[in-house]
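# Architecture and fold: a report
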Amino acid sequence: MTHESRDAIESLFQENRLFAPPQDFGRGSRMTPELYRALLAEAESDYEGFWARLARAELEWLTPFTRTLDASGAPHYRWFDDGTLNVSANCLDRHIAERGAKPAIIFEGEPGDVRVLTYRELLAEVSRFANALRAHGVKMGDRVIIYMPMVPEAVIAMQACARIGAIHSVVFGGFSSDSLKDRITDAQAVAVITADGGHRGGRVIGLKAICDKVLGDCPSVRTVFVLRRAGNEISWQEGRDVWWHDAVAGLSDSCPPVAVGAEHPLYLLYTSGSTGRPKGIQHSSAGYLLGTILTMRWVFDIREDDVYWCTADIGWVTGHSYVAYGPLACGATILMYEGAPMIPDPGRFWRLCERHGVTIFYTAPTAIRALKKHGDDYPRAYNLDKLRLLGSVGEPINPEAWMWFYRVIGQERCPIVDTWWQTETGVHMIAPIPGLTATKPGSCTRPLPGIAADVVDAAGEPVKAPDEGGFLVIKRPWPAMLRTIWGDAERYRETYWARFENRYYVSGDSARRDADGYFWVMGRVDDVLKVSGHRLGTMEIESVLGAHPQVAEAAVVGRPDDVTGEAICAFIVPRAALADSAARSVLGSDLRRWVADKIGPIARPAEIRFASNLPKTRSGKIMRRLLRAIARHETIDEDVSTLENPDIVRELKAPPE
Ligand code: WT7
C-alpha cells in the first residue's frame with residue numbers, strides 16, 4: 001500500500017503476554033542493568049562522543065580518527081572519516097594471539113561432511129586467497145561478485161576482498177542468471193567468485209553453469225574463480241576461468257592487510273525496492289563493523305565459549321553482519337550449514353544444534369513456521385540443552401510461532417531476541433537486551449542505545465497516543481547506516497530521505513509503539529513484499545511477467561501465507577483470450593517457471609489469476625489496493641464507481657476455477 005492511499009495506519013493487533021528475562025541469564029553477561037542505563041544516558045547526552053568512544057574501544061585503527069560525524073553532505077553522512085583500518089584484520093589478525101587455535105568456523109555440508117577452521121587457519125586461507133585476487137589484478141576499490149554456496153570459502157572470499165580493499169557484492173545463490181547479470185553490470189565487477197555447484201535440497205545447484213549463461217554479456221569480468229565443491233561437471237573458458245585451488249597454489253599464506261579509509265565501501269548488497277531495479281546498498285568499513293560488533297555484544301550477548309549459529313545465507317545482509325563479519329570480529333565460533341532445513345528430514349536443524357553444541361540460534365520466522373508444521377517430535381528427539389538464546393529476523397514473528405520457538409526449542413529457558421533491522425540499517429536497530437528486556441511475542445521491543453527510532457504521522461510529527469500507527473523512522477544518523485545507493489545518489493535521497501524533507505531516515509515500514517514504549521512493526525508501507533523473509537519488489541516481478549510474449553498486463557500483490565508470511569499473487573491479462581481452464585493452467589505454469597528463471601525461485605508466484613483487464617483509475621493507474629483485497633478474499637467496501645472499469649471487480653472476484 002502506498003502511503004498516499006490511506007490517512008492513518010490503523011493498528012488492530014494486541015498481544016499482552018509479557019515474558020520476564022530468565023533469572024540467571026544475565027550471569028556472565030557483559031551487559032548489566034547499570035551498563036545498559038549508562039549507555040542509554042551517554043547516547044542521549046553526548047551522541048557523537050558515545051559513538052566515538054565505542055569506535056575507539058571496539059575497533060583496531062591503523063590511523064586513529066579525529067572527526068566523528070561529518071554531516072556536511074547530508075544525507076550522505078560520514079563517520080570517523082579521517083581514520084584508517086582494515087576490516088579483515090579486525091576480524092582475524094586481532095584474535096591470533098589469544099584465540100589462534102579456537103574454531104572460527106564449524107562447517108557442515110548438506111551431505112554431512114564436517115570441517116573446522118581455527119582462527120589461525122582461517123587467517124591463512126583468507127590471506128592466501130587475497131594474494132590470489134591480487135595476482136589476478138584485483139585492486140583496491142574493484143568490485144568482485146561472490147556467487148557461492150554456504151561453504152567456508154564464501155566467508156573466506158568476503159574477508160579476502162576486505163583484506164585488499166576490494167568491494168564485494170554477494171549475490172544469493174538462489175538468484176537466476178539474469179539477476180546475476182544485472183548486478184555484475186550495475187557494479188561493473190572485474191571478477192566473479194563462484195563454485196562448480198553447491199548442495200541444496202538434496203540436489204546440486206550448478207552455480208558455475210548459471211554464471212556461464214550470462215558472462216558473455218558481462219565484459220567487465222576478467223576472471224572467474226571457481227571453487228570445486230560439488231564435483232559436478234562444468235564448462236570452462238580458458239584465460240578467464242581459474243580453479244580456486246590453482247589460484248592459491250604456491251601463494252603465501254601471509255598478506256598484510258591494507259589500510260582503507262573508514263568510509264571506504266566494504267560491500268554492495270542489492271536489494272529490492274518498490275520501483276525499478278534492485279539497488280546496490282553501499283556499506284562503509286568502520287561504522288558498519290562497529291555496528292556489527294556492538295550488536296553481537298548487546299543483542300546476542302556473545303561470549304567466549306558460545307557456538308553461535310545464524311542460519312541466514314551470506315546472500316542476505318543477515319549473512320554479512322551476523323555470519324561473515326560481526327561474530328568473527330568478536331572472536332566467536334560460528335556454525336555454517338550449507339543446505340536446506342528439511343534434508344534429509346525436518347530434524348536437520350535440531351540435529352545440527354545437538355551435534356555441534358549450538359548455544360545461540362538465530363533464524364527467520366518463516367523457518368520457524370515451516371519447522372513447527374512438522375510437529376514437536378523432531379526437536380524433542382535431540383538434546384537442545386546447550387541453547388541459551390534464540391533470535392528471529394526478517395519479518396514480524398507471529399505470536400504462535402514465537403510461543404512454539406520459546407516452549408519447544410528454547411524450553412522456556414532461552415530469551416528470544418526479535419531483531420528489527422534492514423539491509424539499509426546494516427545492523428540491529430530495535431531489539432531486546434536478553435537478560436534485561438522483558439519480551440512480548442511479536443514485538444521487537446525497544447531501540448538499542450544510540451538509535452533514535454520513532455513513529456511519525458504523515459506530517460512527520462511523532463504520533464500522539466500509544467498504539468497509534470505511523471511511519472517507522474530513524475531521527476539521527478548512525479555509524480552502520482547505508483551510505484548511498486551505488487551509482488545513484490539521487491535515488492538514495494529520494495527513497496530514504498525525501499518523504500520528510502531529509503529530516504529522518506524513512507525505513508519503509510509502519511509501526512506502532514505501545515504504552516510501555518515497545519515497538520510493533522506492522523509491515524511495509526511500500527510495494528515491497530516479504531516472502532519467506534526475502535524482500536521482493538512487486539514492480540520487479542511485474543516487469544518480468546510483462547516481458548512474457550503472451551502477457552499484455554500484469555499486477556502483483558501479496559497475500560498472507562501460513563509459512564512464507566506473504567505469498568505472491570499475480571493478476572495477468574493475457575494478450576489473447578484463453579480458451580479454457582486447460583489453457584489457463586498451461587500458461588499459468590509457464591509464467592511461474594518464467595519468473596523463477598528470470599529472477600529466481602523465491603520470486604515464483606504462488607497464485608496466478610487471469611482476467612480480461614485490471615481495475616484502473618480514470619488516469620490509468622492500477623488499483624493495487626483492490627487487487628490486494630481480492631487476493632486476500634476481503635470484502636470490498638469502497639466505492640468502485642470511480643474506476644475506469646467498475647465491472648472488472650466482479651469478474652476478478654469470481655473464484656478461480
Ligand atoms: C525488512 C527488511 C533485517 C535483515 C533481514 C531482512 C522486515 C526485518 C523484522 C522484525 C518485523 C522485520 C521489515 C524490514 N523485518 N526484521 N524483527 N520484525 N519486521 O532484511 O530484506 O532488508 O528486509 O524486513 O519490513 O523493513 P531486508
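Residues numbered from 1 in each chain as written. Predicted model: local features only at pLDDT ≥ 70, side-chain atom pairs only at ≥ 80, totals over all residues. Heavy atoms only, no water.

### Some details on the overall build of the protein
Heads up, the rule is: A helix here means a DSSP run of H or I that spans at least four residues, while a strand means a run of E at least two residues long, and both kinds are numbered starting from the N terminus. We compute the radius of gyration from the C-alpha atoms alone; for a globule the expected value is 2.2 Å times N to the 0.38, where N is the number of residues. Under the scheme applied here, a residue whose accessible area is under 20% of the maximum for its type counts as buried, over 50% as exposed, and between as partly exposed, the area being computed with a 1.4 Å probe on protein chains only. We call two residues contacting when some pair of their heavy atoms lies within 4.5 Å. Positive charges come from Lys and Arg, negative ones from Asp and Glu, while His and the chain ends are left out of the count. Lys charges are placed at NZ, Arg charges at CZ, Asp charges at CG and Glu charges at CD.
For the protein, the helix and strand inventory stands at 20 helices and 31 strands. The C-alpha radius of gyration computed for the protein amounts to 24 Å, which stays within 12% of the reference 26 Å derived for 657 residues, consistent with globular compactness. Each of the three principal axes of the protein carries a C-alpha extent, and together these read 75 × 60 × 55 Å. Residues classed as buried in the protein amount to 61% of the 657 residues present. Taking the contacts inside the protein whose residues are at least 6 apart along the sequence as the reference set, 72% of them involve residues at least 24 apart. Each charge sign in the protein was given a centre, from 76 positive and 84 negative side chains, and these centres are 1 Å apart.

### So, the site of the ligand
Convention followed: We call a residue near a molecule or strand when any one of its heavy atoms sits within 4 Å of it. Counted as a polar contact is a pair of N or O atoms within 3.5 Å, where, for protein atoms, one must be capable of donating a hydrogen and the other of accepting one, and residues adjacent in sequence contribute only when both atoms are in side chains. The Shrake-Rupley method, run with a 1.4 Å probe sphere, supplies the accessible areas, and residue values consider only the shown protein chains as cover.
By nearness alone, 17 residues border the ligand, and Asp-418, Thr-419, Thr-423, Lys-530 and Arg-535 come closest of all. Between Thr-419 and the ligand, the recorded distance is 2.7 Å, taken from a backbone N or O atom to a nitrogen atom. A distance of 2.6 Å separates an oxygen atom of the ligand from a polar atom in the side chain of Arg-535. In isolation the ligand exposes 550 Å². Once the protein is present, 96% of that is buried. At the level of secondary structure, the elements contributing two or more residues to the shell around the ligand comprise helix H11 (317-329) and strand E26 (519-524).

### Examining the nonpolar core
Rules: Side-chain atoms within 4.5 Å are what join buried Ala, Val, Leu, Ile, Met, Phe, Trp, Tyr and Cys residues into a set we call a nonpolar core.
The biggest cluster of nonpolar side chains holds 126 residues, and the ones touching the most others in it are Trp-51, Phe-129 and Tyr-325. The dominant element in this core, judged by the number of residues it contributes, is helix H6 (residues 152-164), at nine residues. Setting aside anything within four residues of it in sequence, one finds Tyr-325 in contact with Val-87, Cys-91, Met-158, Gln-159, Ala-162, His-168, Leu-266, Tyr-267, Tyr-288, Leu-289, Thr-292 and His-320.

### Quick notes on the sheet that holds strand E4 (residues 84-85)
For clarity, the threshold we go by: If DSSP finds at least two bridges between two strands, the strands pair.
Spatial ordering of the open sheet is given by E1-E4-E14, a layout of three strands whose pairing is antiparallel. Pairing within the sheet leaves two strands with one partner each, and these edge strands are strand E1 (61-63) and strand E14 (260-261). Of the pairings in the sheet, the one linking E4 to E14 comprises two bridges and is antiparallel in character. By the bridge assignment for E14, Leu-85 is matched with Val-260.

### Here's the deal with the packing of helix H5 (residues 119-135) against H6
Put simply, the rule reads: Note on geometry: axes are lines fitted to C-alpha atoms, helical ones only across the stretch in contact, with angles between N-to-C directions running from 0 to 180 degrees. Two helices crossing with the near one rotated counterclockwise from the far one by less than a right angle form a left-handed crossing, whereas a clockwise rotation gives a right-handed crossing. Residues were grouped as follows: Ala, Val, Leu, Ile, Met, Phe, Trp, Tyr, Cys and Pro as nonpolar; Asp, Glu, Lys and Arg as charged; and all remaining residues, including Gly, as polar.
Taken N-terminus to C-terminus, the directions of H5 and H6 make an angle of 65 degrees; their axes are 8 Å apart at the nearest point. Considering only the axes of H5 and H6, their crossing is right-handed. Residues Leu-122, Leu-123, Glu-125, Val-126, Ser-127, Phe-129, Ala-130, Leu-133 and Arg-134 of H5 touch H6, and the partners they reach there are Ile-156, Ala-157, Gln-159, Ala-160, Cys-161, Arg-163 and Ile-164. A breakdown of the residues in the contact of H5 with H6 according to their chemical character gives 11 nonpolar, two polar and three charged.

### Digging into the packing of aromatic side chains
The test is simple: Planes of paired rings set the category: under 30 degrees apart is stacked, over 60 is edge-to-face and the rest tilted, where pairs are Phe, Tyr or Trp rings (Trp by its six-membered ring) whose centres lie within 6.5 Å.
Tallied over the entire structure, the rule returns 40 aromatic pairs. With 6.0 Å between their ring centres and 70 degrees between their planes, Trp-61 and Phe-80 make a pair best called edge-to-face. Here Phe-80 lies in the loop between strand E3 (78-79) and E4 and Trp-61 lies in strand E1, a separation of 19 residues in the sequence. Pair check on accessibility: Trp-61 and Phe-80 agree, each one buried.

### Regarding the sheet that holds strand E17 (residues 307-310)
Read across the sheet, seven strands follow the order E6-E5-E18-E17-E19-E20-E21 without closing on themselves; strand pairing throughout is mixed. The sheet is open, and its two edges are formed by strand E6 (114-118) and strand E21 (416-418), each paired on a single side. Strand-to-strand, the axes of this sheet are offset by a mean angle of 20 degrees, without reference to chain direction. In this sheet, strand E18 (residues 333-337) lies alongside strand E5 (residues 103-108) in parallel orientation, the contact comprising four bridges. Considered in E18, the bridge of Ile-106 is made with Leu-335.

### What to know about the environment of Lys-213
As for its placement among the helices and strands, Lys-213 is situated in helix H8 (residues 207-215). Look at Lys-213 and you get exposed, because its relative accessible area is 63%. Here the alpha-carbon distance between Lys-213 and Ala-124, two residues 89 residues apart in the chain, equals 33 Å.

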